[in-house]
Amino acid sequence: MGEVGGGVVELRDSSGGRSPPSTQRSRSSAVSCAVAPVSAAPVAALAEAGAMAATDIARQVGEGCRTVPLAGHVGFDSLPDQLVNQSISQGFCFNILCVGETGLGKSTLMDTLFNTKFEGEPATHTQPGVQLRSNTYDLQESNVGLKLTIVSTVGFGDQINKEDSYKPIVEFIDAQFEAYLQEELKIRRVLHTYHDSRIHACLYFIAPTGHSLKSLDLVTMKKLDSKVNIIPIIAKSDAISKSELTKFKIKITSELVSNGVQIYQFPTDDELVAEINGTMNAHLPFAVIGSTEELKIGNKMMKARQYPWGTVQVENEAHCDFVKLREMLIRVNMEDLREQTHSRHYELYRRCKLEEMGFKDTDPDSKPFSLQETYEAKRNEFLGELQKKEEEMRQMFVQRVKEKEAELKEAEKELHEKFDRLKKLHQDEKKKLEDKKKSLDDEVNAFKQRKTAAELLQSQGSQAGGSQTLKRDKEKKKSKVVHLSMPGAPLAPPASVLTAAANRVHVLLLKAATWS
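On a predicted model such as this, the values are computed, not experimentally measured, just so you know.

Draft legend 1. View of the sheet that holds strand 8 (residues 201-206). The sheet built from 6 strands is open, its strands ordered 6-7-5-8-9-10 with mixed pairing. Strand pairing shows two members of the sheet lacking a second neighbour, strand 6 (131-141) and strand 10 (286-287), which therefore form its edges. Direction of pairing for strand 9 (residues 230-234) relative to strand 10: parallel, over a ladder of 2 bridges. Looking at the pairing, Ile233 lines up with Phe286 of strand 10. Of the strands in this sheet, strand 8, strand 9 and strand 10 touch helix 6 (residues 242-258), which is tilted by about 150° from strand 9.

Draft legend 2. Representation of the nonpolar core within the structure. Phe94, Ile96, Leu203, Ile233, Phe286, Leu325 and Leu329 are the most contacted members of the largest nonpolar core, which has 72 residues in total. What Phe94 contacts, discounting residues up to four positions off in sequence, is Leu146, Lys147, Leu148, Thr149, His200, Ala201, Leu329, Met334, Leu337 and Arg338.

Draft legend 3. Summary view of the pairing of strand 5 (residues 92-99). The buried fraction of strand 5 amounts to 7 of the 8 residues, a majority that puts the element mostly inside the structure. The pairing of strand 5 with strand 7 (residues 144-154) spans 7 bridges and is parallel. When the sheet's bridge partners are listed, Phe94 is paired in strand 7 with Leu148. Pairing of strand 5 with strand 8 involves 4 bridges; the strand directions are parallel. Across the sheet, Leu97 pairs through a bridge with Cys202, a residue of strand 8.

Draft legend 4. Molecular detail of the confidence of the model for the protein chain. Overall, the predicted model of the protein chain reaches an average pLDDT of 81, with 80% of residues at or above 70. The model gives residues 1-61 a pLDDT under 50, and that stretch makes 66 contacts with residues more than four places away or in other chains.

Draft legend 5. Structural context of helix 3 (residues 106-113). Counting buried residues in helix 3 gives 6 out of 8 residues, a clear majority hidden from the surface. Considered for burial, the residues of helix 3 that qualify are Lys106, Leu109, Met110, Asp111, Thr112 and Leu113. Buried residues belonging to helix 3 abut strand 5, strand 7, strand 8, strand 9, strand 12 (300-307) and helix 8 (322-332). One or two steps after helix 3, the chain reaches Asn115, where phi turns positive at roughly 55°.

Rules used in this analysis
- Residues numbered from 1 in each chain as written.
- Predicted model: local features only at pLDDT ≥ 70, side-chain atom pairs only at ≥ 80, totals over all residues.
- Heavy atoms only, no water.
- Pairing = 2+ DSSP bridges.
- Helix = DSSP H or I, 4+ residues; strand = E, 2+ residues; numbered from the N terminus.
- Contact = heavy atoms within 4.5 Å.
- Axes fitted to C-alpha atoms, helices over the stretch in contact; angles between N-to-C directions.
- Core = buried A, V, L, I, M, F, W, Y, C linked by side-chain atoms within 4.5 Å.
- Buried < 20%, exposed > 50% of the residue type's maximum accessible area, 1.4 Å probe, protein only.
- pLDDT = per-residue confidence, 0-100.

If you want it as structure tokens, here you go:
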């Protein structure tokens, strides 16, 4: 304990203990890391005390803090009210993922939980794969606004091969984490207006078989338990009897424990809700019934389902656990679900992602890493890898150039050989053509000689034929005159007949000359 200017100050030593205060004059106290003067003090002493306090703060934050009593009301006790007003003005968001086979009443249960009718198209059993359908609604209750996002798994469990049915769900959850991480890593962040799409609660709908969990359910919940808060519920629990339902709950719980599936446990560290949450943890998984139909039971209109054997009331805890689910999910633990999503699941994703990027909290010597040092180390590592890849690419380029040059040289050699073969072939063809041309020229010359001889014979034959014809004509004329002078003599043949005969003789002579 120490005194500064007449004020009573409570000091904590380095071991965590503290000396008891001599007096307690105030109705409230606050933890401060600076000495609060309660009376006038010298300026030098205050400056020295301020400098010492600043040095202590810089060296060890939270180790040597001092408890200072207040002399009167200050006003920071209104901080919770300020936070409430700010939260109300900004509104809240809550995202629910409904996982379950088609036909288990997921949409009906959502309508029953929030006492409204959400618009949506009914899903069929003919989907080729699992698709996630997200719908966001703005709800208003009193002066509190809630932006509710409901994500449904369309086609889950409808395929013959269900081995990879969980993968689209895991990828969707990781995509929301990645989007939030990218928003956090921006230089200019607007997280107060950013629509947080991370899944806060996963309602896993279990078919009311009454026997045990399906392998698809176990595998899917095992893949999701480290990424989202899983709340298992037995859908359409009015399909089995109460005794079967009790045994089914025990069977489900034992199978989840034996397979290492971690479901969401309602927190018991807060004294205000520890008792009710501890009780509700024993009721998991919740057996629920959904219905938007209201029936008149007694003098009240209540949500219920009418059967030939009787009526099942949705909000009657003796009939189902719908009220327990609504209390735990919405009215008691909604903020804890949001907090668990951010502080546990998102932090795990963020840590793994940053470690993949090379960021660490401490170096091998367990000394803290600064962001600048991590960035520089990562930058140098990246530049080293870049230079290494550049050198590898350069060597690969040189190797490929050499291989290409060798291929081109080989191709050039083949082209030269082909050119030589073609050149030789061309020369041989040229020689053959020249020899053929020579033989043809010889034949043409021989033909010309024969033609000249034939023309000469023809001219000689025509001259001889002309002289003989004249001689014959003279003789014919002479004989004709003699014949005409003789009475009863026959007529001589006409001149045209003689000329034709001479021409035929001439042609025969020409052919004989050609054949010779």
